[in-house]
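A closer look at the structure
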Amino acid sequence: IVLPRLLDDSSFVSLTQMIHANISLILDHLQKSAQLLETLLLQVRQLDLQSLLFLQDACRLAKHIPPLERQAIYEKMVEHSLFEVLVPFFGEASAAVGAGGEGSGQSDPARPRHLVVEVLLLSTLNDPAHLRGFLTAESTSGEGRALLRGLIRVLQHEEDQGVQSQALEILKSMMDPTALEHRERDTCLDVFYDRGALDELVEPLREPMHCADGSRSLAPACCFGRQLVCELLAFAVTHHGFRAKAYILRHGIVQQAMRLMAASQRFLQLAPVRLLRSIVGTKDDGYHRYVAKNGFFAPLLRSFQQCL
């Protein structure tokens, strides 16, 4: 904002070109140096915060280089087990990382996990096939399952709502089958519908809206997590066809979501409304009979009357 007022256009363009050339040079060296990349990811696996910060910066800078070069560096990272080295940051051991660590300059034990979520999001925005392949591959099913479980927990309980939203975008990209062939689509959806990922995702909807002693309401992060769960369910209804329909009808998901209508927070009351709108929008007779039979419009209309 300041530089254009102090420099003429040609100088500013030259300076910008130098910055982009420097970024390309750094990332090109990182991509072509297998030893450097391997060492970096090894230190990240050892929960080194500075190495993780460097990896985050590299992924951020990759947004400013041409798509083919960006794709090449992400492919190199995936080839050197990018996702495997990030899995430990969703575990218990990561709580000690950055908590008073040397040079960290902060004491929030959740921050390294925030960095990991951003790296995963940047990778997904470039090409979701890399992360989707890791989560669905049989050879990495244990680590892929742990990573998916970690993302779901971040979505549901992370105190930083911005990070929760990032986890939502990652999971939504993983659940989007529009660009997949039939076999890949089935493999992707099996992870959610047959291997229990969706059961973990909807678990908060089955929990009470107050603490066990009834003394206070849920934390804002938990409430926001429930809203995001409903958004993902609405996305599944729109994009997963009969797989989502069978799951929702069999497990009574809408009944559980409609309990949010009793919440004191208005944004939480609107979450099941969006889910119900997606269901009605499918124009599926099976869904419509399900909605009519269970009387889901009754609490909806009561809420509407209270707003008048």
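Located above this text is the structure these notes cover.
Residues numbered from 1 in each chain as written. Predicted model: local features only at pLDDT ≥ 70, side-chain atom pairs only at ≥ 80, totals over all residues. Heavy atoms only, no water.

A side chain with one charge can pair with a side chain of the opposite charge if their charged atoms come near. For the structure shown, the criterion picks out ten salt bridges. In this structure, glutamate 158 and arginine 113 form a salt bridge, with 3.4 Å as the shortest nitrogen-oxygen distance. With glutamate 158 in the loop between helix 9 (141-157) and helix 10 (161-175) and arginine 113 in helix 7 (residues 111-126), this pair connects stretches of sequence that are 45 residues apart. Taking the relative accessible area as the measure of exposure, arginine 113 reaches 21% and is therefore partly exposed. (Salt bridge = Lys/Arg side-chain N within 4 Å of Asp/Glu carboxyl O. Helix = DSSP H or I, 4+ residues; strand = E, 2+ residues; numbered from the N terminus. Buried < 20%, exposed > 50% of the residue type's maximum accessible area, 1.4 Å probe, protein only.)

The interhelical angle for the contact between helix 3 (residues 34-45) and helix 4 (residues 49-61), taken along N-to-C directions, is 125 degrees, at an axis separation of 8 Å. What the angle tells us is that helix 3 and helix 4 run oblique. Like other packed secondary-structure pairs, helix 3 and helix 4 cross with a definite hand, here left-handed. Together, Leu40, Leu41, Gln43 and Val44 of helix 3 and Ser51, Leu52, Phe54 and Leu55 of helix 4 make up the contact between the two elements. When the residues that make up the contact of helix 3 with helix 4 are grouped by side-chain class, the tally is six nonpolar, two polar and no charged. (Axes fitted to C-alpha atoms, helices over the stretch in contact; angles between N-to-C directions. Parallel < 35°, antiparallel > 145°, perpendicular 65-115°, else oblique. Left-handed = near helix turned anticlockwise from the far one by under 90°. Contact = heavy atoms within 4.5 Å. Nonpolar A, V, L, I, M, F, W, Y, C, P; charged D, E, K, R; others polar.)

Moving on, we get to helix 18 (residues 285-294). Burial in helix 18 covers these residues: Gly286, Tyr287, Tyr290 and Val291. For helix 18, the angular spread of the buried residues around the axis is 135 degrees, confining them to a single face. Exposed residues pointing more than 90 degrees away from the buried face of helix 18 are listed as Asp285, Arg289, Ala292 and Lys293. In this fold, the buried residues of helix 18 make contact with helix 14 (220-239), helix 15 (242-251), helix 16 (253-258), helix 17 (266-281) and helix 19 (297-307). If you check the start of helix 18, you find a side-chain oxygen 2.7 Å away from the backbone N of glycine 286, and it comes from aspartate 284. Downstream of helix 18 by a residue or two, glycine 295 has a phi angle that is positive, lying close to 60 degrees. (Arc of directions from axis to C-beta. Polar contact = N/O pair within 3.5 Å; in protein donor to acceptor, adjacent residues only side chain to side chain.)

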